[in-house]
Amino acid sequence: MDWGTELWDQCDIIDKHTQSGLDLVEKYVKFVKERTEIEQNYAKQLRNLSKKYSPKRGSKEEQECRFSNHQAFLDILNEMNDYAGQRELIAENMMINICIELTKYLQELKQERKMHLSEVKKAQQYLEGTYKHLDNSKKRFEREWREAEKAAQYAEKTDQDLNATKADVEKAKQQAHMRTHIAEECKNDYASQLQKYNKEQNQFYFTDMLQDMDERRIKKLAQGYILFADTERHVMPIIGKCLEGITRAGTNVNERNDSVVLIEQHKSGFERPGDVEFEDYSQGINRASSDSSLSTPKGPLELLGRNKNKTFRLFNKKSKSVDSEGFTHLPPEQRRKRLQQKIDDISKELQKEMDQSEALGKMKDVYEKNPQMGDPASLAPQITQTAQNMERLRGELNKYESWLAEAGGRGDSIRYSTHSLNNNGAHNPNRSDTDSSQAIYSEFDDEFEEEELAAPIGQCTALYSFPGSSEGTISMQEGEVLSVVEEDKGDGWTRVRRNNGDEGYIPTSYATITNMKCAVTRINKT
């Protein structure tokens, strides 16, 4: 079945149908364009979301990525970023393979349809002209045939008339013969025009140019429908890998390992405080004047505190800066780790300098053997600088190695409470060795100002026993009541005084501070 046979009289319907088909192609192109815009906006929002929650370089969040749950979240953000890239790829492929292709094909179809309609209009006009010629030849044939019949009848009548002369009869017969000949020519012309018209009419009504164009349009549009699904199907394996990566990030989370990492990262190396001993008050024990159960020796600064006419300052103006070079401000375990890390970095840098020195030496030998390649003396500054760098690095390496040996060889450790954090969240910086205490307290003034003792600003009760073996500290027994002379400045230490005038520093977290004349942050036992 074709349009020329079945729809020969529905030209207007065919015109509207083909136009509707082109409109559908254009509508589908707009639909795909809007879909690509949605994909692009979706991808952009996903990228912004990933960027928003990604840790900044050098931030605290980036440092926490050593924990598996933090790293898993970072992996999810990376996978979402890759997922956004696949959505962008879908939009790009749809725009190229569907929108651009169909738009180009649509323009071709419009031109083709316009050309076909123009040809149909011309053919219709030509067919109408041919029909006019046919009608004229038909009327002429009819008229001439009637004239021929009249001429024949007149010739026959004249032949039967007895009064007619022979000349009249011959003339009538010639006239009838001429009319008959003219009628035959009109008949042949009419037949020719009829055959021509039928041929033109057959070509006009049975030509399926528009049908072929419309079927090609439908086929191309169907391919566009398939591409709409195939474009996304082609990236599904990669999207699946992104989703598998997210699943893998979740399965890689190890809660036990995160706990171990936290311990290794923040453990100080101090021992936990021991059990609290029972003190029998019924025996008349004087807690304030009792000797320390740990027999902690008095420090020189503690002895100086006996003189009521002299006071001491553990921190001078220069003591604000902490000795960060030897990491003595850190707890023992963290200090050992930082020292080892510093040693590794120096070793790598030293190895680079040694390799460079060896290379310069080989280059100098080549220059000496082949002067045309270069002047050996030109390498002297570099060799000298490299040697100086190596000497400097060796000195630093020996210094840090000695500090590491010192940190690792220390045997006696001070009891340390796991919950003892100062108001700023830093670990208690107490040390059992002289270098550690010097890092905390810095240098002491050689001379002490002659002035009256500072008035107490509150009282505190010891939660734990503290030996006070480091310089500037004071021992105390669990339950002992002391006067607060100087509150915690944020370093985790509080300056206290006994009734006998002894003064020193104790860990803030080892005591409960009460009756303060100003606001004091209390750190309760966890």
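Residues numbered from 1 in each chain as written. Predicted model: local features only at pLDDT ≥ 70, side-chain atom pairs only at ≥ 80, totals over all residues. Heavy atoms only, no water.

### Here's the deal with the pattern of salt bridges
Under the defined criterion, the tally for this structure stands at 20 salt bridges. Between R35 and E232 there is a salt bridge, with the nearest N and O atoms lying 2.9 Å from each other. Here E232 lies in helix 6 (residues 209-251) and R35 lies in helix 2 (residues 11-53), a separation of 197 residues in the sequence. Residue classification places E232 among the partly exposed residues on the basis of a relative accessible area of 24%. Residue R87 is joined to E232 by a salt bridge in which the shortest nitrogen-to-oxygen separation is 3.4 Å. One end of the pair, R87, is in helix 4 (residues 68-160); the other, E232, is in helix 6, and 145 residues separate them in sequence. Several salt bridges share partner residues, and in doing so they unite R35, E39, R87 and E232 into one network. (Salt bridge = Lys/Arg side-chain N within 4 Å of Asp/Glu carboxyl O. Helix = DSSP H or I, 4+ residues; strand = E, 2+ residues; numbered from the N terminus. Buried < 20%, exposed > 50% of the residue type's maximum accessible area, 1.4 Å probe, protein only.)

### Points about the pairing of strand 4 (residues 503-507)
Of all five residues in strand 4, five are buried, a share of seventy percent or more. The pairing of strand 3 (residues 493-497) with strand 4 spans five bridges and is classified as antiparallel. Considered in strand 4, the bridge of T494 is made with I506. Linking two consecutive strands that pair antiparallel, namely strand 3 and strand 4, is a turn of five residues; a positive phi of about 100 degrees is found at G501 within it. (Pairing = 2+ DSSP bridges.)

### Side note on the confidence of the model for the protein chain
Close inspection of predicted coordinates is inappropriate in any region flagged by low pLDDT. Taken residue by residue, the protein chain gives an average pLDDT of 78. The fraction at 70 or more is 78%. Segment residues 518-526: pLDDT under 50, and 14 contacts once partners within four positions in sequence are set aside and those in other chains are kept. (pLDDT = per-residue confidence, 0-100. Contact = heavy atoms within 4.5 Å.)

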